[in-house]
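Observations on the three-dimensional arrangement
Chain by chain, the residues:
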Amino acid sequence: MRRPAGPLLAAVLLAGCGGAAEETASPEGQRPGTVSLADVAGADAAVLDAAATDDGRAVVLLAPPGGPLTLADVTADGSATAVPVPGLDAERQGLARVAAADDGVVVVGFAAGRVTLVPATAQGAGAPQPVGTLGAADVTALDVTARADVLYLALSGVDGTHRLFAVDPATGAVRDEAELPGTPRDLETTDGGVAVATDSGRSATVVTFDAALDVVAELPAGPGTAGPLTVVDGAVYATAGRTGEVTVSRDGEVLASVPGDLPALVTVDPAGEVATLVDTVADSEVPRVLRRTVDLATDEVTDEVELCDSGAVAGADVDAAGRGAVAADCRGEPVLWRLD
């Protein structure tokens, strides 16, 4: 994910899960609008991940049945362009990820038995580049984030090891490498390096690294499984969840605990007073997607909006200006919620 600068509000409004976009605001308490991506890659396309770019676009990674992985590049007005990403294997599509980079995005997946990256813009995808000598068969989980000149890649291996790599986003060359203390769940760039949310199965820890991937600090994030994190004005806000409870911490100090499931996205306002969570909630016969606002001083959920009554979040991201993107399967169709 990328650094947010404010709470999440909707930027576009459609009727239902499809239709033509309109520019509008979504006041607190109202459901954000939905952008259907069915016309980009088909209604049956699987949603894999999402990235929010600093120029206001949202880019969603999709897996159409029988076709190559495809990016839906969505502009601020809701219009979408399909960008095929040939060359990446579709067999392990669940591990494919996308991260916003300086002039586009970087897609990370597998090709010819290797971990592989593909740079892409709205004009098209570049050539696949192997990432060092990393073998695809050894990877059980991965996550990515990027800045202008570096791609950070967190991997879990079949041998139980967890590693962080700093990679050249143009060539795939590995610049630095570091060990992680647990399974990586999310990572975010900081002013001087990167922060990684990890967990050991019983508790969550955020590890911050400098540009050379030397450890700066290890911060407790709460009991349970690590969730998404974000960085606001140099402070690291992290989430952790156990059965029926989510905690939000700042630089190792727990600020709030609220009922609910582990979120897919967290953002915090610049004053550090309000957190917004986007969750996939399994409290009924079918999962649904909620956006919740939490007062970090009182532990109170001050706003709750159902984004989808039958679906699950597959990818979420927020850029440096606070514009967000949440991609999901909603009622069997790939959709995007644009957030400002």
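Use the structure listed above.
What follows covers the pairing of strand E7 (residues 80-85). Looking at chain direction, strand E6 (residues 69-74) and E7 are connected through 6 bridges and run antiparallel. Across the sheet, leucine 69 pairs through a bridge with valine 85, a residue of E7. In textbook terms, the turn of a hairpin is the stretch between consecutive antiparallel strands, and for E6 and E7 this stretch comprises 5 residues, one of which, glycine 78, has a positive phi near 95°.

What follows is about the environment of alanine 41. Within the secondary structure layout, alanine 41 lies in helix H1 (residues 38-41). Residue alanine 41 is classed as buried on the basis of its relative accessible area of 15%. For the pair alanine 41 and glycine 182, spaced 141 residues apart in the sequence, the C-alpha separation amounts to 36 Å. Residue contacts for alanine 41: discarding those within four places in its chain leaves Leu62 and Pro64.

On to the sheet that holds strand E22 (residues 235-242), then. Strand order in this open sheet of 4 strands is E21-E22-E23-E24, and the pairing throughout is antiparallel. Both outer strands of the open sheet, strand E21 (225-232) and strand E24 (253-259), are each paired with one neighbouring strand and no more. Between one strand axis and the next, the sheet turns by 20° as a mean value, whatever way the strands run. Taken together, the 6 bridges between E22 and strand E23 (residues 245-250) define a ladder with antiparallel strand orientation. Bridge pairing links alanine 240 to threonine 247 in E23.

Another aspect to go through is the pairing of strand E9 (residues 104-111). Within E9, 8 of the 8 residues are buried, which leaves the element mostly enclosed by the surrounding structure. Of the strand pairs in this sheet, strand E8 (residues 97-101) and E9 are connected by 5 bridges, and their pairing is antiparallel. Bridged to alanine 101 within E9 is glycine 104. The turn joining E8 and E9, which pair antiparallel and follow one another in sequence, is formed by 2 residues.

Okay, the packing of aromatic side chains next. Under the defined criterion, the tally for this structure stands at 0 aromatic pairs. The side chain of arginine 92 reaches across the aromatic face of phenylalanine 110, ending 4.6 Å from its centre.

A word on the state of the cysteines. Per the stated rule, a full pass over the model turns up 1 disulfide. Here cysteine 308 pairs with cysteine 330 through a disulfide, and the sulfurs are 2.2 Å apart. In this structure, the disulfide formed by cysteine 308 and cysteine 330 twists by about 100° around the S-S bond and is classed as right-handed. Here cysteine 330 lies in strand E30 (residues 324-330) and cysteine 308 lies in strand E28 (residues 300-308), a separation of 22 residues in the sequence. Taken individually, cysteine 308 and cysteine 330 each receive the classification buried, so the pair is uniform in this respect.

Calculation criteria
Residues numbered from 1 in each chain as written. Predicted model: local features only at pLDDT ≥ 70, side-chain atom pairs only at ≥ 80, totals over all residues. Heavy atoms only, no water. Pairing = 2+ DSSP bridges. Helix = DSSP H or I, 4+ residues; strand = E, 2+ residues; numbered from the N terminus. Buried < 20%, exposed > 50% of the residue type's maximum accessible area, 1.4 Å probe, protein only. Contact = heavy atoms within 4.5 Å. Axes fitted to C-alpha atoms, helices over the stretch in contact; angles between N-to-C directions. Phe/Tyr/Trp six-rings, centres within 6.5 Å; stacked < 30°, edge-to-face > 60°. Lys NZ or Arg CZ within 6 Å of the ring centre and 35° of its normal. Disulfide = S-S within 2.5 Å.

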